[in-house]
Amino acid sequence: MMFIATNRLELPVEQQQKMMIEAFRKSVPALHQFEGFQSFEILVSEDRSHMLAISHWANRAAYDAYIKSDTFRKHHGGSSSEEMQPHANITYYSGELLS
């Protein structure tokens, strides 16, 4: 089983590519330093009304180590996960890759 965190981002189309996708591309390499990090993906809805940022981790403890880290703060403009929570639309899952 793996732990998956999804964050639904509702942003204007022009901010999706310029701001968020480029920022994620730059920040994802740093995630590889965290034991248990598996992958990260961005999905953009067909109508471009929202994006999903999805990270895959070996377990919840690995994810928690990231969100409590200085790297997380760097990725989020200096904010902690607690400070981000009121603005975040995060859903957590457990799952497995079947193929």
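Just so you know, these numbers come straight off a predicted model, no measurement behind them.

### A closer look at the sheet that holds strand β3 (residues 51–57)
In spatial order, the strands read β2-β3-β1-β4; together these 4 strands make up an open sheet with antiparallel pairing. Strand pairing shows two members of the sheet lacking a second neighbour, β2 (37–44) and β4 (90–95), which therefore form its edges. Averaged over all adjacent pairs, the angle separating strand axes in this sheet is 20°, with direction ignored. Across the sheet, helix α1 (residues 13–31) lies against β1 (2–9), β2 and β3, angled at about 170° from β2, the strand it touches most. Running at roughly 120° to β3, helix α2 (residues 60–67) makes contact with β1, β3 and β4 of the sheet.

### Digging into the pattern of salt bridges
A side chain of one charge can pair with a side chain of the opposite charge when the charged atoms of the two come close. Considering all chains together, one arrives at 3 salt bridges under this definition. A salt bridge links Glu-10 to Arg-8, with the nearest nitrogen and oxygen atoms 2.8 Å apart. By relative accessible area, Glu-10 is classed as exposed at 55%. According to the relative accessible area criterion, Arg-8 is partly exposed, its value standing at 33%.

### Structural notes on the environment of Thr-6
Take Thr-6: it is sitting in strand β1. A relative accessible area of 12% places Thr-6 in the buried class. Between the C-alpha atom of Thr-6 and that of Tyr-93, which follows or precedes it by 87 residues, the distance is 8.2 Å. Contacts of Thr-6, omitting those with residues within four sequence positions, involve Ala-53, Ile-54, Asn-89, Ile-90, Thr-91 and Tyr-93.

### Some remarks on the environment of Ala-61
Examined against the element boundaries, Ala-61 turns out to sit in helix α2. By relative accessible area, which is 57% here, Ala-61 ends up exposed. Separated by 58 residues in the primary sequence, Ala-61 and Phe-3 have C-alpha atoms spaced 9.1 Å apart.

### Some thoughts on the packing of aromatic side chains
Here a ring pair, both rings aromatic, is described through the centre-centre distance and the interplanar angle of the planes. This structure, assessed with the given rule, holds 9 aromatic pairs. Taking 5.5 Å as the distance between ring centres and 25° as the angle between the ring planes, the aromatic pair formed by Phe-3 and Tyr-92 counts as stacked. Of this pair, Phe-3 sits in strand β1 while Tyr-92 sits in strand β4, placing them 89 residues apart in sequence. For the cation-ring pair, Arg-60 lies above Tyr-92, with the distance from its terminal atom to the ring centre recorded as 4.5 Å.

### Description of the side chain of Ser-55
With respect to the secondary-structure elements, Ser-55 resides in strand β3. Taking the relative accessible area as the measure of exposure, Ser-55 reaches 7% and is therefore buried. Here Trp-57 takes part through its side chain, which lies 2.9 Å from a polar atom of the side chain of Ser-55. If sequence neighbours within four positions are ignored, Ser-55 has contacts with Phe-3, Ile-4, Ala-5, Ser-39, Phe-40 and Tyr-63.

Each value, and the rule that gives it
Residues numbered from 1 in each chain as written. Predicted model: local features only at pLDDT ≥ 70, side-chain atom pairs only at ≥ 80, totals over all residues. Heavy atoms only, no water. Pairing = 2+ DSSP bridges. Helix = DSSP H or I, 4+ residues; strand = E, 2+ residues; numbered from the N terminus. Axes fitted to C-alpha atoms, helices over the stretch in contact; angles between N-to-C directions. Contact = heavy atoms within 4.5 Å. Salt bridge = Lys/Arg side-chain N within 4 Å of Asp/Glu carboxyl O. Buried < 20%, exposed > 50% of the residue type's maximum accessible area, 1.4 Å probe, protein only. Phe/Tyr/Trp six-rings, centres within 6.5 Å; stacked < 30°, edge-to-face > 60°. Lys NZ or Arg CZ within 6 Å of the ring centre and 35° of its normal. Polar contact = N/O pair within 3.5 Å; in protein donor to acceptor, adjacent residues only side chain to side chain.

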